[in-house]
Amino acid sequence: MQMFFVSEEKTEAPERFRTPLQEKTYQALAQLRIPFKRVDTDEAITMEDCVRIDAKLKMKMVKTLFLCDRKQTAFYLFITAGDKPFSSKNFSTALGVPRVSFAPSEKMEAMLGTKIGAATVFSALLDTGNRVQIVFDKKVLEEEWYGCSDGTTTGYLKVRTADVLHVFLPYTRHALQIAEV
């Protein structure tokens, strides 16, 4: 059985970008002067893969879910702890919205510029019309470090949670919503 590859930590952007979102992510981090550490990996698919990434970057990866209402008119990017099970009912109750489900992969690619497994808060860079509401589970805000995809399933970032909340989100003009789910 082949080991899951995780590179050494790096503090500079990749030499070549795999997606437009990945390129925009690193451009924004540079422009906003947000320091980061990152690793390149094999395609991360399982939670075991994320555990290896967490160990290398010494942080806990968040779980980022792209959700929508039944009519696909309201969209949510829900960021929660990586090991926390998701409950659509609890999410909807906490936000006072109708029941949500996972948004179709075509919507994810069109609106967030990512495929399944690469959802990231950095997709807010592509959501210039603010169609997607960014919702953080309160538990994530307790962590000093924020670990997430760079818009691919082979690149992962570690940044200060405070930089995501107080520098990055205002830059994208997205309001921070906090929910106890």
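Nothing here was measured: the structure is a model prediction, and the numbers come from that model.

Visitor: An account of the side chain of D150 is requested, with residue identities and associated values reported.
Guide: If you trace the backbone, D150 turns up in the loop between β6 (145–149) and β7 (155–160). Despite being buried, D150 has no salt bridge partner; R38 is the closest side chain of opposite charge, sitting 5.5 Å away. At a separation of 2.9 Å, a polar atom in the side chain of D150 contacts the side chain of Y26. Only 2.8 Å separates the side chain of D150 from the side chain of T152, close enough to count as a polar contact.

Visitor: Go over the nonpolar core, please, and point to the residues and values.
Guide: For soluble globular proteins, nonpolar side chains are generally found buried alongside one another. Grouped together as the largest cluster of nonpolar side chains are 32 residues, with contacts concentrated most on F66, V121, F136 and Y146. At the level of elements, α1 (20–31), β2 (62–68), β3 (75–81), α4 (105–112), β5 (132–137), β6, β7 and α5 (161–172) are the ones that each hand at least two residues to this core. Considering each element in turn, this core owes the most residues, 4 residues, to α5. The residues contacting V121, other than those within four sequence positions of it, are T64, L77, I79, I134, F136, Y146, V164, F168 and L169.

Visitor: Pulling in residues and values, what's your account of the environment of E180?
Guide: Tracing the chain through its elements places E180 in the segment after β8 (176–179). By relative accessible area, which is 63% here, E180 ends up exposed. Distance from E180 to L95, taken between C-alpha atoms, is 9.0 Å for residues 85 residues apart in sequence. Ignoring sequence-local partners within four residues, the contact set of E180 consists of A94 and K138.

Visitor: Quick one: what's the story with the sheet that holds strand β1 (residues 37–40), residue by residue and with numbers?
Guide: Taking strand neighbours across the sheet as the criterion, the 3 strands line up as β1-β7-β6 in an open arrangement whose pairing is antiparallel. Either end of the sheet is taken by a strand with one partner, and the two such strands are β1 and β6. On average, each strand axis in the sheet is inclined to that of its neighbour by 15°, with strand direction left out of account. Direction of pairing for β6 relative to β7: antiparallel, over a ladder of 5 bridges. Counterpart to S149 in the pairing with β7 is Y156. Contacting β6 and β7, α5 runs over the sheet at an angle of about 80° to β7.

Visitor: Lay out the side chain of S123 in plain terms, naming residues and giving numbers.
Guide: On the secondary structure map, S123 appears in the loop between α4 and β5. Using a relative accessible area of 1% as the deciding quantity, one classes S123 as buried. Apart from residues lying up to four places away in sequence, S123 is in contact with L21, L112 and T114.

Visitor: So what's going on with the pairing of β6? Which residues, and what values?
Guide: The element β6 is largely enclosed, with a buried count of 4 among its 5 residues. In this structure, the hairpin formed by β6 and β7 is closed by a connection of 5 residues, where G151 is found at a positive phi of approximately 105°.

Visitor: Could you give an account of unusual backbone geometry, naming the residues involved and the relevant values?
Guide: Here the phi dihedral of Q72 falls at roughly 60°; this positive angle occurs in a residue that is not glycine. The phi angle at N130 is positive, at roughly 50°, despite the residue not being glycine. In this fold, N130 is placed in the loop between α4 and β5. Judged by relative accessible area, N130 falls into the partly exposed class, the value being 35%.

Thresholds, definitions, all that
- One numbering rule holds for all chains: residues counted from 1, following each sequence as written.
- Local features in a predicted model are, by the rule used here, given only for residues with pLDDT of at least 70; side-chain atom pairs are given and counted only at 80 or more, and totals for whole chains, interfaces and linings are based on all residues.
- Side-chain metrics in this entry use all non-hydrogen atoms of the structure; hydrogen atoms and water are not considered.
- Per the convention used, a helix needs a DSSP run of H or I reaching at least four residues, while a strand needs a run of E reaching at least two, with both numbered from the N terminus.
- Here's how the labels work: a residue is buried when its accessible area is under 20% of the maximum for its type, exposed when over 50%, partly exposed in between, all with a 1.4 Å probe on protein chains only.
- Charge assignment in this entry is limited to Lys and Arg as positive and Asp and Glu as negative, and neither His nor the chain termini are counted.
- Salt-bridge detection follows one rule: a side-chain nitrogen of Lys or Arg within 4 Å of a carboxyl oxygen of Asp or Glu.
- Residues adjacent in sequence count toward polar contacts only when both atoms are side-chain atoms; beyond that, a polar contact is any pair of N or O atoms within 3.5 Å, and within protein one must be able to donate a hydrogen and the other to accept it.
- Here, the term nonpolar core denotes a set of buried Ala, Val, Leu, Ile, Met, Phe, Trp, Tyr and Cys residues that are joined through side-chain atoms within 4.5 Å.
- In what follows, residue pairs with any heavy atoms lying within 4.5 Å of each other are defined as contacts.
- Only when DSSP finds a minimum of two bridges between them are two strands counted as paired.
- Interaxial angle, 0 to 180 degrees, is taken between N-to-C directions of lines fitted to C-alpha atoms, where a helix line uses only the stretch in contact.

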